[in-house]
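Okay, here's what each chain looks like letter by letter:
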Amino acid sequence: MQKPVLVIKLGTAVLTNEKGEIVQATIKKVAAGIAALTGRYRMILVSSGAVGSGRGFFSGYKGTLAERKAAAAVGNPILIRDYQKHFSAYNIPVAQALCERHHFSSRPRFLQLKETFEEFWKNGILPVMNENDLVSNVELKFSDNDELATLTAIGFDAEALLLCTSVGGFMDGDGKIIPQVEKVDGRIMGFVQKGKSSLGLGGMLSKLTFTRLATSLGIRVVICGLGGVEPFAEALAGRSGTSFTPRVSNLRARQKWLASGSITLGSLYLDKGAVRALEQRHSLLSVGIRRLQGKFAAGEVVQLKDEEEQIVGVAKVKLGVSEMTATLKSKNTIAAHADDIVLF
Ligand SMILES: N[C@@H](CCC(=O)OP(=O)(O)O)C(=O)O
């Protein structure tokens, strides 16, 4: 039987010091922690830190979009060189896997990515993923690497996703790490600190949002730090960080992909009746759509939102935005087929 997949994501703040430099001792610890788990898992490392590693090469760096892209292009090879150095102590070659959204939004491209990763694993190679910042299209960028890691974990049907942060876990209102969260509900969302580190993109809000997506699709998430002797093994054993219990998911691989590729170019705001109908596995009719937002064509994936504007799922739509707008009042037009809808 194949080993399960484990996705570990490292944010900029856990990899860099206050000057924005990559801390070698941290990379060394990461290599030791991953090497210790290779017998149990097929591993994917999603690593931020390219912008942090490269920005020192740009005089008067202010963090404009062009500067970030340029810094990432300089920083990525530096980051990979550091990983190579420390993983070579364990005879683990590393592969750089720079991805963009279309690798997830197109099913054939995603399947190709999966096949390539199988080649890495067969040969004992660790894929190190990051967004291809230099060329990624601004409108279709991943919101951050928490999203990239989540889409990867869902697409590869990972057993667990570790989101490593500088704060070591998810804290309650008193600043104490909550060891276990059964469900990401309003109370849990209420504890979120909106802040984020200056070099990275994600923050706790982003982590929780993606944790909710991953757990709703059956993937366990642990938000953890890099403290302790074996941080990843400790986090997986529930001895550190915050473990989020996955929901039971009966979704098939294609539906999971649909949800993971939720590169949503728009949103449909549904009424209560439409949400109820979708829960009973009916198709979405235009009559249940109160309004829509964004630019999308037939065959693209959009978010579905309820009357409280909470995301309830995603759908691959049968109609583009103008056709759909024209049919909003018509009862019988199918906006999305039941097989192309995934509710969270
Ligand atoms: N692609 C960027 C990472 C952006 C990002 O998501 O950063 P973070 O919020 O620190 O995980 C980089 O490598 O610097």
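Residues numbered from 1 in each chain as written. Predicted model: local features only at pLDDT ≥ 70, side-chain atom pairs only at ≥ 80, totals over all residues. Heavy atoms only, no water.

A. Local environment of the overall build of the protein chain. Check the secondary structure of the protein chain and you find 13 helices and 15 strands. Relative to the 2.2 N^0.38 estimate, which gives 20 Å for 344 residues, the radius of gyration of the protein chain is 20 Å and therefore close to what a compact globule would have. Across its three principal axes, the protein chain shows a C-alpha extent of roughly 65 × 45 × 40 Å. For the protein chain, buried positions account for 52% of its 344 residues. Only carbon and sulfur atoms are counted for the fraction: they give 52% of the accessible area of the protein chain, which is about 15,800 Å². Side-chain charges in the protein chain split into 43 positive and 32 negative, and the spacing between the mean points of these groups amounts to 0 Å. (Helix = DSSP H or I, 4+ residues; strand = E, 2+ residues; numbered from the N terminus. Rg over C-alpha atoms; globule rule 2.2 N^0.38 Å. Buried < 20%, exposed > 50% of the residue type's maximum accessible area, 1.4 Å probe, protein only. Areas by Shrake-Rupley, 256 points an atom, 1.4 Å probe, with all protein chains shown as cover. Lys, Arg positive; Asp, Glu negative; His and termini not counted. Charge placed at Lys NZ, Arg CZ, Asp CG, Glu CD.)

B. Focus on the nonpolar core. Val7, Ile44, Phe104, Phe117 and Met129 are the most contacted members of the largest nonpolar core, which has 46 residues in total. Phenylalanine 117 has contacts with Ile44, Ala97, Pro127, Met129 and Phe156, leaving out every residue within four places of it along the chain. The next biggest cluster of nonpolar side chains, apart from the first, holds 33 residues, and it includes Ile34, Tyr41, Met43 and Val128. (Core = buried A, V, L, I, M, F, W, Y, C linked by side-chain atoms within 4.5 Å. Contact = heavy atoms within 4.5 Å.)

C. Focus on the sheet that holds strand 7 (residues 220-224). Spatially, eight strands are ordered 3-4-2-1-5-7-8-6 in an open sheet, and the strand pairing comes out mixed. At either end of the open sheet lies a strand with only one pairing partner, and these are strand 3 (94-99) and strand 6 (180-181). Relative to strand 7, strand 5 (residues 160-164) runs parallel, the two being bridged by five bridges. Bridge assignment links alanine 160 to a residue of strand 7, and that residue is arginine 220. Helix 4 (residues 65-87) contacts strand 1 (5-10), strand 2 (42-47), strand 3 and strand 4 (126-131) of the sheet and is inclined by roughly 150° relative to strand 3. (Pairing = 2+ DSSP bridges. Axes fitted to C-alpha atoms, helices over the stretch in contact; angles between N-to-C directions.)

D. Highlighting a nonpolar patch on the surface. On the surface, Leu285, Val287 and Ile334 cluster together into a nonpolar patch covering about 200 Å² of accessible area. Looking at where isoleucine 334 falls in the secondary structure, it is placed in strand 14 (residues 334-336). (Patch = residues over 30% accessible without salt bridge, like charges linked within 9 Å, V, L, I, M, F, W, Y side chains within 5 Å. Salt bridge = Lys/Arg side-chain N within 4 Å of Asp/Glu carboxyl O.)

Distances and angles like these do not, on their own, reveal function.
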